[in-house]
Amino acid sequence: MEVLPRRRIPDEEALSVAREVLPSIDPTLLKALPRPERDACLLRLRQAHLTVKQIARITGIGATSVTKATAGWKEAA
């Protein structure tokens, strides 16, 4: 099996991906959502292959919170 190198995308592109994945929610407003809804959105962003650090930067939610909310995201995909 060949492993392809991961391509880093800039935060501007990550924000565009987030807006596509969450069309009805501004990613910068995720912090204000109730935790179950917020965590579901974070999981969708992770499944779109955004990194924890990118999600933290574009949403303002701490990386630790993103990690906890998206634990096991590959199994949920």
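In what follows, the structure referred to is the one given above.
Keep in mind that this is a model prediction, so the values were computed, not measured. (Residues numbered from 1 in each chain as written. Predicted model: local features only at pLDDT ≥ 70, side-chain atom pairs only at ≥ 80, totals over all residues. Heavy atoms only, no water.)

## Remarks on the overall build of the protein chain
Selection criterion: The helix count covers DSSP runs of H or I at least four residues long, the strand count covers runs of E at least two residues long, and both are numbered beginning at the N terminus. Using a 1.4 Å probe on the protein chains alone, a residue whose accessible area is under 20% of its type maximum counts as buried, one over 50% counts as exposed, and one in between counts as partly exposed. Working rule for contacts: check all heavy atoms of both residues, and any pair within 4.5 Å makes them a contact. Note that accessible areas follow from Shrake-Rupley with a 1.4 Å probe, and for residues the cover is restricted to the protein chains shown.
The helix and strand inventory of the protein chain stands at five helices and zero strands. Moving toward the C terminus, one meets the helices and strands of the protein chain in the order α-α-α-α-α. Taking all 77 residues of the protein chain together, 32% fall into the buried category. Across the protein chain, every contact between residues at least 6 apart in sequence was considered, and the portion connecting residues at least 24 apart equals 55%. Surface accessibility of the protein chain: about 5400 Å² in total, with carbon and sulfur atoms responsible for 55%.

## Some remarks on the environment of Thr-28
Note the cut-off: Throughout this description, a polar contact denotes any pair of N or O atoms lying within 3.5 Å of each other; where both atoms belong to protein, one of them has to be capable of donating a hydrogen while the other can accept it, and for residues adjacent in sequence the pair is counted only when both atoms sit in side chains.
Checked against the element boundaries, Thr-28 lands in the loop between α1 (11-21) and α2 (35-47). If we ignore the near neighbours within four places in the chain, the residues touching Thr-28 are Ile-58 and Thr-59. There is a polar contact of 3.0 Å between the side chain of Thr-28 and the side chain of Asp-26.

## Some thoughts on the nonpolar core
Operational definition: Here, nonpolar core refers to any group of buried Ala, Val, Leu, Ile, Met, Phe, Trp, Tyr and Cys residues whose side-chain atoms link them within 4.5 Å.
Core analysis: the largest hydrophobic core is formed by 17 residues, its most contacted members being Leu-22, Leu-30, Leu-42, Leu-45, Leu-50, Ile-55 and Val-66. Once residues lying within four places of it in the same chain are set aside, the contact partners of Leu-45 are Ala-18, Val-21, Leu-22, Leu-30, Leu-50, Ile-55 and Thr-59.

## Thoughts on α2
Our working definition: Any helix carries an expected span of 1.5 Å times its number of residues minus one. The reported arc concerns the directions from the helix axis to the C-beta atoms and nothing else.
The end-to-end C-alpha separation of α2 is 18 Å, in line with the 18 Å expected for 13 residues at 1.5 Å each. Within α2, the full set of buried residues consists of Arg-38, Cys-41, Leu-42, Leu-45 and Arg-46. Buried residues of α2 fall within an arc of 145° about the axis and therefore sit on the same side. With its phi angle positive at about 70°, His-49 sits one or two positions after the end of α2.

## As for the side chain of Thr-70
Note on placement: Thr-70 falls in the loop between α4 (63-69) and α5 (73-76). The class of Thr-70 is buried, set by a relative accessible area of 3%.

## Remarks on unusual backbone geometry
Here the phi dihedral of His-49 falls at roughly 70°; this positive angle occurs in a residue that is not glycine. Locating His-49 in the fold gives a position in the loop between α2 and α3 (52-59).

## Some thoughts on the pattern of salt bridges
Going by this rule: Whenever Lys or Arg places a side-chain nitrogen within 4 Å of a carboxyl oxygen from Asp or Glu, that contact is recorded as a salt bridge.
Taken as a whole and judged by the stated rule, the model has two salt bridges. Measuring nitrogen to oxygen at the nearest pair gives 2.7 Å for the salt bridge that ties Arg-57 to Asp-11. One end of the pair, Arg-57, is in helix α3; the other, Asp-11, is in helix α1, with 46 residues separating them in the sequence. By relative accessible area, Asp-11 is classed as partly exposed at 27%. A salt bridge links Arg-38 to Asp-39; the shortest N-O distance between them is 2.9 Å.

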